[in-house]
Amino acid sequence: MTRPSRPALRVTQIGNASQGRGGVSSVVRTTNTWAGPDLEVREWPTYWHGDRRRTLTAFWSTLLNVLTSEVRPTDVWHFHLTQHGSFLREGLLLALARRRGVCCTVLVHGSQFVAFAEGNRRLARLVLRLPGVVFVLTEPAAEVVRSLGIEPVRVANSVPIEEEPVGADRSGFVFAGEIGPRKGADVLLDAWSAARPDGQQLVLFGDLAPQFRLPDPLPGGVVFEGPVSPEQVRARLRTAVALVLPSRAEAMPMIILESMSLATPVIASDVGQIAEVVDDTGMVVPPADADALGTAIRRMAGSPELAQGLGRRAWDRVRARHSNAVVRTVFVEHWRKCVEEARTGDATRQNRAQDI
């Protein structure tokens, strides 16, 4: 006898717009690609990085959807939370969704989430007690969530994997992200000036952080491209010697996984889960250490064989641990459990919705 197929889930992502910039938007974009016979994926954006007008418009549109949209038995509303205003903005929508009996899950992002949750424990507890599942990306985030009396599910971010990554004939280094102190742009410029890699270029992609100014003139070989599309960043990463990300604070930055998925090795600082993700496939240096960063840049620039070998190792690692197929399976399993609990009327979760 043929076993009847399970009905497809409909997952609605609520949070940063996929067309926006930043790591959370990249996660939303990637999750959108998971759609298939067993999974319908859509998004209701609430936030556009750096655009207050579009953020307000998106939030009010999503609030209306949360209040009035038809809810199916197979619906999952999947919220992306970071810190600060996100816990008020998405927290309100999450509370309203739970009052409607919708299966809700949360994925916690944000380089400052741990510090925020520790300093705002009551708000963090109220919001994170509402969803059926709280997904976290890092062990420090898991620890702080457990301290709030909630057992999280540790997951990884996923990326599409380049099928035939470029091998030899790579050139140049790439920095991508907000150009400012948190991402270590000042340290990078000092390190680049000291390293002076012959014939190499350092391309800076991203917005300038508030109050941060690039030196004029820029150090030799440095090119500032400003904010560009994710496709343009990937295109340049595909043929680069390495990605350089000397951040002072991170969680699990998507740009590192994206670089590794293109067989482009990473030079990054030892913050957040970067060392765990990169492991022996790249070079990890102490944060704010321009000398160590410059040494790593010189080594990578001076040995194409080393860079190519690390890139291939990075590609193998991300394919095994962070491919869409691997990560998607974990999320779908927990989404199905959440739907089943919502369908049977989990009293505990219903009571939690009264807390906000």
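So, a few notes on the structure that sits alongside this text.

Reading guide: rules and limits
Residues numbered from 1 in each chain as written. Predicted model: local features only at pLDDT ≥ 70, side-chain atom pairs only at ≥ 80, totals over all residues. Heavy atoms only, no water. Salt bridge = Lys/Arg side-chain N within 4 Å of Asp/Glu carboxyl O. Helix = DSSP H or I, 4+ residues; strand = E, 2+ residues; numbered from the N terminus. Buried < 20%, exposed > 50% of the residue type's maximum accessible area, 1.4 Å probe, protein only. Phe/Tyr/Trp six-rings, centres within 6.5 Å; stacked < 30°, edge-to-face > 60°.

Some details on the pattern of salt bridges
So, step 1. In total, this model carries 19 salt bridges according to the counting rule given.
So, step 2. The closest approach of N and O atoms between E340 and R6, which form a salt bridge, is 3.4 Å. With E340 in helix α13 (residues 324–343) and R6 in the segment before β1 (9–16), this pair connects stretches of sequence that are 334 residues apart.
So, step 3. Using a relative accessible area of 38% as the deciding quantity, one classes E340 as partly exposed.
So, step 4. R146 is the partner of E139 in a salt bridge, and the nearest nitrogen-oxygen pair spans 3.0 Å.
So, step 5. Overall, the relative accessible area of 28% leaves E139 in the partly exposed class.
So, step 6. A residue is classified by how much of its surface remains accessible, and R146, at 36% relative accessible area, is partly exposed.
So, step 7. Taken together, the shared-partner salt bridges in this structure form one network comprising E139, R146, E151, R154 and E276.

Side note on the packing of aromatic side chains
Note on aromatic pairs: each is described by the distance of the centres and the angle between the planes.
So, step 1. What the rule picks out here adds up to 9 aromatic pairs.
So, step 2. Ring plane angle 50 degrees and centroid distance 6.2 Å describe the contact between W34 and W335, whose orientation is recorded as tilted. In this pair, W34 is assigned in the loop between α1 (23–32) and β2 (39–47) and W335 in helix α13, connecting sequence segments 301 residues apart.
So, step 3. According to the relative accessible area criterion, W335 is buried, its value standing at 0%.
So, step 4. An angle of 75 degrees between the planes, with centres 5.6 Å apart, marks the rings of F59 and W60 as edge-to-face.
So, step 5. With relative accessibility at 13%, the residue F59 sits in the buried group.
So, step 6. Following the ring pairs from residue to residue traces out a cluster consisting of W34, F135, F331 and W335.

Purely geometric stuff here, so don't read any function into it on its own.
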